[in-house]
Amino acid sequence: MAGVKTIGILTSGGDCAGLNAVLRAVAYRAIEGYGWRLIGIHDGTMGLMRRPIDVEEITLAKVTPAMMRQGGTILGTTNKGDPFAFPMPDGRKIDRSAEVAQGYHLLGLDALIGIGGDGSFAILRRLAQQGGMNLVGIPKTIDNDVGATENAVGYNTAVAVATEALDRLQPTAASHDRVMVLEVMGRDAGHIALAAGIAGGADVILIPEIPYRIDRVAAHINKIRAEGRNFALVVVAEAVRDPSGEVVRQSHEGGGATYGGIGHAIAQEIAKATGAETRVTVLGHVQRGGQPTSFDRVLASAFGVHAVDLVAQGKFDRMVAWQNRRVVDVPLADAIAESQQVDLDGALVRTARGLDICLGDA
Ligand code: F6P
């Protein structure tokens, strides 16, 4: 597209491994490939809202190969600053969306690349439509629940971390004849739990998509014991409901509330029903940090290059996606229309059942 010279990039929502690899790919394609300027916006849309606008020019000198290995995001991010309902210090929530669009235009941006999950995309898309911003999205989230793409950046790394946790829990479970419960993240979707559970040899995997019955879980653990094995590995996704049907939440010192704690409720139920000694590990944010896996680095790089090519073609309001081993692009509206939950007829559920892993329902 003639005239595109300066593009902005921001990371939005919860961080994950691979974000810096995306930034590096975007920088190479935009600066080296097209001769454009790239402006890195700090702390998601907050950087565009602040005055002076909080940005930095991204140069090739800044995007070293070290970024392929670096967790987090050097741009900073937030999952609290919805510009349409921005939390003020006095507790009010006000609409500051016009300031974000103004920031974009003050910078003279020709396009904005937003790296986010479905929640961020819904906000960014509304901002773009309202404020005349040319938006391209790149999906990232450890939860892997963005629609229209098989993979989002960060998911593969989170699965690797959760699998490693099971690798470490299994020998200690075996040594002490214990049932180890591992609680993993994945707000409202069980992708991490299911994939890591299969990879880590779990006996039970509980995900929010499949309601569990504790008697089924207990029967499976008792069966394993009757077969002569005195330990078991149980993976629970954080969004699984407790026996009363409620999602378990935790409020945090200094503000914020997230899912978390269901692992303890499940462990208690298992101990009650089987008499087994249990221990609980809540994996938490270690799933988001650290070095990205090689798959996430490749995905991040492919997405970054494709996103810049979309800008070059003047194709906006689209998201890059991974489908059938190819990088494609889809309407952003498709990506946010429906959150992608575990397919109950899909390969991983069938695999788990084929391995005699208890999913809580049978
Ligand atoms: O959406 C990513 C995610 O890591 C979820 O899996 C988790 O529930 C949530 O973010 C945690 O959010 P926070 O960073 O605010 O603790």
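No experiment lies behind these values; they were computed from the predicted model shown.

### A closer look at the domain arrangement of the protein chain
Okay, step 1: The domains assigned to the protein chain are domain 1 (6–153 + 292–323) and domain 2 (156–288 + 344–354).
Okay, step 2: Its C-alpha centre places domain 1 at a distance of 33 Å from the equivalent point of domain 2.
Okay, step 3: Taken together, the 12 residues of domain 1 in the interface contact 12 residues of domain 2.
Okay, step 4: In total, domain 1 and domain 2 occlude about 1000 Å² of area from one another, counting both sides; carbon and sulfur atoms represent 52% of this.
Okay, step 5: On inspection of domain 1 and its partner domain 2, the count reaches one salt bridge.
Okay, step 6: Residue D15 pairs with R288 through a salt bridge whose shortest N-O separation is 2.8 Å.
Okay, step 7: Where domain 1 packs against domain 2, one counts seven residue pairs in polar contact (both at pLDDT 80 or more).
Okay, step 8: Residues belonging to the side of domain 1 that touches domain 2 are distributed by class as follows: five nonpolar, three polar and four charged.

### Some details on the site of the ligand
Okay, step 1: Contacts to the ligand come from N79, I142, D143, M185, G186, R187, E238, T258, H285 and R288.
Okay, step 2: At 3.2 Å, a backbone N or O of G186 approaches an oxygen atom of the ligand.
Okay, step 3: A distance of 2.9 Å is found between an oxygen atom of the ligand and a side-chain nitrogen or oxygen belonging to H285.
Okay, step 4: Considering the ligand on its own, with 400 Å² of exposed area, one finds that the protein chains cover 86% of that surface.
Okay, step 5: When the residues that make up the shell around the ligand are grouped by side-chain class, the tally is two nonpolar, four polar and four charged.

### Some words on the nonpolar core
Okay, step 1: Membership of the largest hydrophobic core comes to 85 residues, with the highest contact counts inside it found for I113 and I138.
Okay, step 2: Contacts of I138, omitting those with residues within four sequence positions, involve V22, V26, I113, G114, I115, G116, F121, F303, G304, A307, M319 and V320.
Okay, step 3: If you look at the next biggest cluster of nonpolar residues, it comprises 25 residues, including I41, M49, A321 and A335.

### Considerations on the packing of aromatic side chains
Okay, step 1: Counted under the stated rule, the structure contains two aromatic pairs.
Okay, step 2: Pairing Y34 with W36 gives two aromatic rings, centres 4.7 Å apart and planes at 20°, and the pair type is stacked.
Okay, step 3: For Y34, a relative accessible area of 31% puts it in the partly exposed group.
Okay, step 4: Ring centres of F295 and W322 lie 6.1 Å apart, and the angle between their planes is 85°; on these two criteria the pair is classed as edge-to-face. Taken together, the positions of F295 in helix α9 (residues 294–312) and W322 in strand β14 (residues 318–323) put the pair 27 residues apart, joining distant regions of the chain.
Okay, step 5: The side chain of R96 reaches across the aromatic face of F86, ending 4.9 Å from its centre.
Okay, step 6: Sitting over the face of the ring of F231, R229 holds its NZ or CZ atom 5.0 Å from the ring centroid.

### Description of unusual backbone geometry
Okay, step 1: Cis geometry marks the peptide bond from R51 to P52; its omega dihedral reads 0°.
Okay, step 2: Within the fold, P52 resides in the loop between α2 (46–49) and β3 (55–58).
Okay, step 3: Look at D317: it is not a glycine, yet its phi comes out positive at around 60°.
Okay, step 4: Take D317: it is sitting in the loop between α9 and β14.
Okay, step 5: The phi dihedral of N324 is positive, around 50°, even though this residue is not glycine.
Okay, step 6: Positionally, N324 belongs in the loop between β14 and β15 (326–331).
Okay, step 7: Overall, the relative accessible area of 61% leaves N324 in the exposed class.

### Looking at the sheet that holds β3
Okay, step 1: Ordered by their spatial adjacency, seven strands build an open sheet running β3-β2-β1-β6-β7-β14-β15, and the pairing between neighbours is mixed. Two strands bound the open sheet, and with one partner strand each, they are β3 and β15. Between one strand axis and the next, the sheet turns by 30° as a mean value, whatever way the strands run.
Okay, step 2: Two elements, strand β2 (residues 37–41) and β3, share four bridges in a ladder whose sense is antiparallel. Bridge assignment links I39 to a residue of β3, and that residue is E57.

### Points about the environment of A122
Okay, step 1: By the secondary structure assignment, A122 is in helix α4 (residues 118–131).
Okay, step 2: Separated by 187 residues in the primary sequence, A122 and D309 have C-alpha atoms spaced 22 Å apart.

Analysis parameters
Residues numbered from 1 in each chain as written. Predicted model: local features only at pLDDT ≥ 70, side-chain atom pairs only at ≥ 80, totals over all residues. Heavy atoms only, no water. Domains from an automatic or database assignment. Contact = heavy atoms within 4.5 Å. Buried area = accessible area lost by both parts, 1.4 Å probe. Salt bridge = Lys/Arg side-chain N within 4 Å of Asp/Glu carboxyl O. Polar contact = N/O pair within 3.5 Å; in protein donor to acceptor, adjacent residues only side chain to side chain. Nonpolar A, V, L, I, M, F, W, Y, C, P; charged D, E, K, R; others polar. Near = heavy atom within 4 Å. Areas by Shrake-Rupley, 256 points an atom, 1.4 Å probe, with all protein chains shown as cover. Core = buried A, V, L, I, M, F, W, Y, C linked by side-chain atoms within 4.5 Å. Buried < 20%, exposed > 50% of the residue type's maximum accessible area, 1.4 Å probe, protein only. Phe/Tyr/Trp six-rings, centres within 6.5 Å; stacked < 30°, edge-to-face > 60°. Helix = DSSP H or I, 4+ residues; strand = E, 2+ residues; numbered from the N terminus. Lys NZ or Arg CZ within 6 Å of the ring centre and 35° of its normal. Pairing = 2+ DSSP bridges. Axes fitted to C-alpha atoms, helices over the stretch in contact; angles between N-to-C directions.

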